[in-house]
Amino acid sequence: MSTLSAERGSSLRQVSAGRKIKDRVVQGLVYLAFLLALIPLVSVLWTVVSRGTKSLSGNFLSHSMNGVGPNDKGGGLYHAIVGTLEQCALAAAIAVPLGLMTAVYLVEYARGGRLSRVISFFVDVMTGVPSIVAGLFVLSFWLLGLGFDYSGFAGSMALAILMIPTVVRTTEEMLKLVPNDLREAASALGVPRWRTITFVVIPTALTGIISGVMLGVARIMGETAPLLLTIFITSAINTDPFHGAQGSLPTFIWDQSTNPNQNAVDRAWSGALVLILIIMLLNLVARLVAWLRKPATR
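Anyway, here's the lowdown on the structure attached to this text. Within every chain, residues take consecutive numbers counted from 1 along the sequence as written. Side-chain atom pairs in this predicted model are given and counted only at pLDDT of 80 or more, local residue features only at pLDDT of at least 70, and totals for whole chains, interfaces and linings cover all residues. To obtain the side-chain values, all non-hydrogen atoms of the structure were used and water was disregarded.

**A look at the overall build of the protein chain**
Phase 1 of the analysis: Helix and strand definitions here come from DSSP, where helices need a minimum of 4 consecutive H or I residues and strands a minimum of 2 consecutive E residues; each element is numbered from the N-terminal end. Within the protein chain one finds 13 helices and zero strands.
Phase 2 of the analysis: If you list the helices and strands of the protein chain from N to C, you get α-α-α-α-α-α-α-α-α-α-α-α-α.
Phase 3 of the analysis: Against the 2.2 N^0.38 benchmark of 19 Å for 298 residues, the protein chain shows a C-alpha radius of gyration of 26 Å, more extended than a compact globule.
Phase 4 of the analysis: The C-alpha extent of the protein chain, read off along each of the three principal axes, is 95 × 55 × 35 Å.
Phase 5 of the analysis: Buried residues are those whose accessible area, probed at 1.4 Å on protein chains only, stays under 20% of the maximum for their type, while exposed residues exceed 50% and partly exposed ones sit between those limits. Per-residue burial for the protein chain yields a buried fraction of 36% across its 298 residues.
Phase 6 of the analysis: Between two residues, a contact is recorded if the distance between any of their heavy atoms is within 4.5 Å. Here the contacts in the protein chain between residues at least 6 apart in sequence split such that 74% fall between residues at least 24 apart.
Phase 7 of the analysis: The accessible surface values rely on the Shrake-Rupley method and a 1.4 Å probe; as for residues, cover is taken only from the protein chains in view. Total accessible area computed for the protein chain in this model is approximately 17,400 Å², and 67% of it derives from carbon and sulfur atoms.
Phase 8 of the analysis: His residues and chain termini do not enter the charge count, which takes Lys and Arg as positive and Asp and Glu as negative. All charge positions are set by atom: Lys at NZ, Arg at CZ, Asp at CG, Glu at CD. Of note, the protein chain has its 23 positive side-chain charges centred 12 Å away from the centre of its 15 negative side-chain charges. Both definitions apply: the radius of gyration is a C-alpha atom measure, and the globule rule equals 2.2 Å times residues to the power 0.38.

Pasting the structure below:
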């Protein structure tokens, strides 16, 4: 009996030659697909880095285009960096609380009700809305309807519309991953639901929530169409996002790239490189914060 069981065990451990060949072929196809996917990514990065370093300098990062013609050498994008950071910060200040509260309602309170289905439907619709539609909405309502002037805040509202569905969906998925045992344990101790959500559920899912917020910021930071309709284009430094036209990196890149002069084109490539570097830096900061705030494991 023991001999028979040993033979069966050895036969189960053996893998046929055909299955080994199929396994190697599939692994090779996976590696090939990975390399093919890397080709356009590496090509884009190499093009941006090689062309973007031509005009990149300390003077380029610390000066604006005020008084510099499109055909002239020099100038910089300091005004665009300031505008982009302020507009994205305001958009995040609008979108993150709304997205977080919406996700908390869908996961913790709605429990598949009719209102939750309606909210989920509109979130899905907003996910596919073209960015220029958000800009047109703010243009028609805020600028033309209420009579406000071009400003960085108007652009932030358009960007917030684009950012909200990303925050809602990522936060919702992260909250669903929190074990129900934590909620039940808090309820067994007599903790109110709002305190359970605030001090147990959200801190547990904080790492994923931060990653979702950074995904939303990375998405809106490169949007051009809504900003052209809401903040206009200026070459001067404007640190007040609530009054007057304001620059941004996407509009700076678009404005410089439309000029056929080589100096302007070089500035556009440098602006694209700076935009990529800022997004990478923000992602690294977000990962660092998430790593520092992750729950302790033993």
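**Some words on the packing of aromatic side chains**
Phase 1 of the analysis: The pairing test for Phe, Tyr and Trp rings, Trp by its six-membered ring, is centres within 6.5 Å, and the orientation test on the planes gives stacked under 30 degrees, edge-to-face over 60, and tilted for anything in between. Applying the stated rule across the entire model yields seven aromatic pairs.
Phase 2 of the analysis: A ring pair is formed by Phe-137 and Phe-141, whose centres lie 6.0 Å apart and whose planes are at 5 degrees; its orientation type is stacked. Note that Phe-137 and Phe-141 are positioned in helix 6 (residues 131–145) at a spacing of four residues, about one turn of the helix.
Phase 3 of the analysis: You can call Phe-137 partly exposed: its relative accessible area is 49%.
Phase 4 of the analysis: Where Trp-142 meets Phe-153, the ring centres are 5.7 Å apart and the plane angle is 65 degrees; that geometry is what we call edge-to-face. In this pair, Trp-142 is assigned in helix 6 and Phe-153 in helix 7 (residues 152–176), connecting sequence segments 11 residues apart.

**Comments concerning the packing of helix 5 (residues 114–127) against helix 7**
Phase 1 of the analysis: Across the interface, helix 5 lies against helix 7 with an axial gap of 9 Å and an inter-helix angle of 125 degrees. Regarding the angle of helix 5 to helix 7, the classification is oblique. Taken as a pair, helix 5 and helix 7 cross one another with a handedness that is left-handed. In this structure, helix 5 contributes Ser-120, Val-123, Asp-124, Met-126 and Thr-127 to the contact, and helix 7 contributes Ile-161, Ile-164, Pro-165, Val-168 and Arg-169.
Phase 2 of the analysis: Residue polarity is assigned by list, with Asp, Glu, Lys and Arg as charged and Ala, Val, Leu, Ile, Met, Phe, Trp, Tyr, Cys and Pro as nonpolar; anything else, Gly included, falls into the polar class. Of the residues belonging to the contact of helix 5 with helix 7, the class tally is six nonpolar, two polar and two charged. Comment: axis = line fitted to C-alpha atoms, over the contacting stretch for helices; angle = value between 0 and 180 degrees taken between N-to-C directions. Should an angle fall under 35 degrees it is taken as roughly parallel, and over 145 as roughly antiparallel, whereas 65 to 115 is taken as roughly perpendicular and any remaining angle as oblique. Crossing handedness is read from the near helix: turned anticlockwise from the far helix by less than a right angle, it gives a left-handed crossing, and turned clockwise, a right-handed one.

**Some thoughts on the pattern of salt bridges**
Phase 1 of the analysis: By salt bridge we mean one thing: a side-chain nitrogen of Lys or Arg within 4 Å of a carboxyl oxygen of Asp or Glu. Summed over the entire model, instances satisfying the criterion amount to five salt bridges.
Phase 2 of the analysis: The salt bridge involving Arg-169 is made with Asp-124; its shortest N-O contact spans 2.8 Å. Here the residue Arg-169 occupies a position in helix 7, and Asp-124 occupies one in helix 5, the gap between them amounting to 45 residues.
Phase 3 of the analysis: Arg-169 sits in the partly exposed class, given a relative accessible area of 22%.

**Let's talk about unusual backbone geometry**
Phase 1 of the analysis: Phi angles above zero are rare outside glycine, and Phe-232 is one such case at about 65 degrees.
Phase 2 of the analysis: Looking at where Phe-232 falls in the secondary structure, it is placed in the loop between helix 11 (225–230) and helix 12 (249–257).

**Notes on the nonpolar core**
Generally speaking, nonpolar side chains in soluble globular proteins are found buried as a group.
Phase 1 of the analysis: Core analysis: the biggest nonpolar cluster contains 49 residues, and Leu-77, Met-163, Leu-175, Ile-220, Leu-249 and Phe-252 have the highest contact counts within it.
Phase 2 of the analysis: Of all the elements, helix 4 (residues 78–110) adds the most residues to this core, at 10 residues.
Phase 3 of the analysis: Discounting residues that sit within four places of it in the chain, Met-163 has contacts with Ala-91, Ala-92, Ala-95, Val-96, Val-213, Gly-216, Val-217 and Ile-220.
Phase 4 of the analysis: In these notes, a set of buried Ala, Val, Leu, Ile, Met, Phe, Trp, Tyr and Cys residues joined through side-chain atoms within 4.5 Å is what counts as a nonpolar core. Counting residues in each nonpolar core, the second largest holds eight residues, with Val-138, Leu-139, Phe-153 and Met-157 among its members.

**What about the side chain of Ser-270?**
Phase 1 of the analysis: Its location among the elements puts Ser-270 in helix 13 (residues 262–293).
Phase 2 of the analysis: The class of Ser-270 is buried, set by a relative accessible area of 0%.

**What to know about the side chain of Ser-151**
Phase 1 of the analysis: Topologically, Ser-151 is positioned in the loop between helix 6 and helix 7.
Phase 2 of the analysis: Residue classification places Ser-151 among the buried positions, given a relative accessible area of 4%.
Phase 3 of the analysis: Sequence-distant contacts of Ser-151, that is, excluding residues within four places in its chain, are made with Thr-230, Ile-231, Pro-241, Phe-242, His-243 and Gly-244.

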